[in-house]
Amino acid sequence: MYSLIHKVYAASGGESDPKRLMAERPTADAIFTRLVRYRPTIFYGVPTLYASMLVSPNLPARADVAMRVCTSAGEALPREIGERFTAHFGCEILDGIGSTEMLHIFLSNRAGEVEYGTTGRPVPGYEVELRDEAGHPVPDDEVGDLFIKGPSAALMYWSNREKSRATFLGEWIRSGDKYRRLANGCYVYAGRSDDMLKVSGQYVSPVEVEMVLVQHDAVLEAAVVGVDHGGLVKTRAFVVLKREFTPSEILADELKNFVKGRLAPHKYPRDILFVDDLPKTATGKIQRFKLREQS
């Protein structure tokens, strides 16, 4: 049983230099080469990579790879991406979330019990709670702040007393993430607490809007931020289209109506900007602060 890293490491002669594992950028084609050549059974990725793999014209056939399970983290995995990936390759993507403060994943989907569109259920040994702004538990289907308790929790931040007091609350850690719990016990990501937008007096989760946008046939990736319109916050979506689609005002209006038909009216993006790509970290996480700076 080998992961992609293990197999490429062995093929490189066991060199410890990580550049020897994969010198080039982790593009879809670079990943395909290794999936086919070394046939790893476990693959670790991020949502943006899975999305680019699925739209590539060089997507290998199921018979050409040996993956039996995949994982995803860093960003919420869109339901449509997970379902399409499993339909093509026959293996599940286990989406989960952890943090530096917890040193471990504490919410995750599990093999055979995957609920795409959710981050799954608490990992054994960890407890999670959703609380409102007053610190009270919230009922199912309502968004709340995610708190975690578990044996791997850190004690504090080094030389940052103020942030430590805001994050480490007795046995519990305030994650800074917003979630809602479904009746079946699965948790749905609603975004970072500091990314939440208040539009027309009502909260909007950028992640929720992004998840709907990527369901449209033309959209490869999307990121939503808040911008100032005369003192009022409005939503702006940065959209990367699949290669066979061309930006246009007609398509922008179509995307707005697409969101309106699936979410509350105040949540649709007032502006849509088509871009070639989105700014990301080295691990593939979208850098929304850079998009806000552009706005």
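Rules behind the numbers
Residues numbered from 1 in each chain as written. Predicted model: local features only at pLDDT ≥ 70, side-chain atom pairs only at ≥ 80, totals over all residues. Heavy atoms only, no water. Helix = DSSP H or I, 4+ residues; strand = E, 2+ residues; numbered from the N terminus. Contact = heavy atoms within 4.5 Å. Polar contact = N/O pair within 3.5 Å; in protein donor to acceptor, adjacent residues only side chain to side chain. 1 Å grid on protein atoms, 1.4 Å probe; cavity = no way out; pocket = protein on both sides within 12 Å on 5 of 7 lines; lining within 4 Å. Points joined across faces, edges and corners; volume = space filled by probe spheres on them. Nonpolar A, V, L, I, M, F, W, Y, C, P; charged D, E, K, R; others polar. Expected span 1.5 Å × (residues − 1). UniProt positions renumbered as here; feature names shortened; annotations may be inferred. Pairing = 2+ DSSP bridges. Buried < 20%, exposed > 50% of the residue type's maximum accessible area, 1.4 Å probe, protein only.

### So, the environment of Thr167
For step 1, the next point in the chain: Mapped onto the elements, Thr167 comes out in helix H5 (residues 161–167).
For step 2, the next point in the chain: The spatial distance from the C-alpha of Thr167 to the C-alpha of Tyr157 is 9.0 Å, given a sequence separation of 10 residues.
For step 3, the next point in the chain: Excluding residues within four positions of it along the chain, Thr167 makes contact with Tyr157, Trp172, Ile173 and Arg174.
For step 4, the next point in the chain: From its side chain, Thr167 meets the backbone oxygen of Lys163 in a polar contact 3.0 Å long.

### Describing the environment of Val240
For step 1, the next point in the chain: Checked against the element boundaries, Val240 lands in strand S14 (residues 232–241).
For step 2, the next point in the chain: Here the alpha-carbon distance between Val240 and Ala218, two residues 22 residues apart in the chain, equals 8.7 Å.
For step 3, the next point in the chain: Residues contacting Val240, with those up to four places away along its chain left out, are Ala218, Val219, Leu220, Glu221, Val275, Asp276, Asp277 and Leu278.

### Let's talk about the layout of surface pockets
Once rolled over the atoms, a probe with the size of a water molecule shows which space is left empty.
For step 1, the next point in the chain: Approximately 860 Å³ is the volume attributed to the second largest pocket.
For step 2, the next point in the chain: What lines the second largest pocket is a set of 35 residues, among which Gly74, Asp177, Tyr189, Arg192 and Lys285 lie closest to the centre.
For step 3, the next point in the chain: Residue assignment for the lining of the second largest pocket shows that the elements contributing at least two residues are strand S3 (92–99), H5, strand S9 (172–181), strand S10 (187–192) and helix H8 (288–294).
For step 4, the next point in the chain: In terms of residues, the lining of the second largest pocket owes the most to one element, S9, which gives six residues.
For step 5, the next point in the chain: Its residues placed into classes, the lining of the second largest pocket shows 13 nonpolar, 10 polar and 12 charged.

### Side note on helix H7 (residues 249–260)
For step 1, the next point in the chain: Look at H7: 17 Å from first C-alpha to last across 12 residues, which is about the 16 Å you get at 1.5 Å a residue.
For step 2, the next point in the chain: Check the buried side of H7 and you find it contacts helix H6 (206–213), strand S13 (219–229), S14 and strand S15 (271–274).

### Brief notes about the UniProt feature "domain: AMP-binding enzyme C-terminal" (unreviewed entry) in the protein chain
For step 1, the next point in the chain: Residues annotated in UniProt with the feature "domain: AMP-binding enzyme C-terminal" (unreviewed entry) correspond here to residues 208–285.
For step 2, the next point in the chain: Secondary structure across residues 208–285 divides into 23% helix and 32% strand, with the first and last C-alpha atoms of the span separated by 16 Å.

### So, the pairing of strand S4 (residues 104–108)
Both faces of the sheet carry side chains from a regular strand, because those side chains alternate between them.
For step 1, the next point in the chain: Bridge count for S3 against S4 is four bridges, and the pairing is antiparallel. For Ser99, the partnering residue across the bridge sits in S4 and is His104.
For step 2, the next point in the chain: Hairpin connection of S3 to S4: four residues between the antiparallel strands, including Leu103 at a positive phi of 60 degrees.
For step 3, the next point in the chain: One ladder, built from two bridges, connects S4 with strand S5 (residues 121–122); its direction is antiparallel. By the bridge assignment, Ser108 is partnered in S5 with Arg121.

### Quick look at unusual backbone geometry
For step 1, the next point in the chain: The phi angle at Asp141 is positive, at roughly 70 degrees, despite the residue not being glycine.
For step 2, the next point in the chain: For Asp141, a relative accessible area of 48% gives the class partly exposed.
For step 3, the next point in the chain: Not every positive phi belongs to a glycine, and Ser159 is a case in point at roughly 55 degrees.
For step 4, the next point in the chain: With respect to the helices and strands, the residue Ser159 is situated in the loop between strand S7 (144–149) and H5.

### Looking at the environment of Phe85
For step 1, the next point in the chain: Along the chain, Phe85 turns up in helix H4 (residues 79–89).
For step 2, the next point in the chain: Given the relative accessible area of 0%, Phe85 is considered buried.
For step 3, the next point in the chain: C-alpha separation for the pair Phe85 and Met53, spaced 32 residues apart in sequence, amounts to 8.9 Å.
For step 4, the next point in the chain: Once residues lying within four places of it in the same chain are set aside, the contact partners of Phe85 are Tyr50, Met53, Leu54, Met67, Cys70, Gly90, Cys91 and Ile93.

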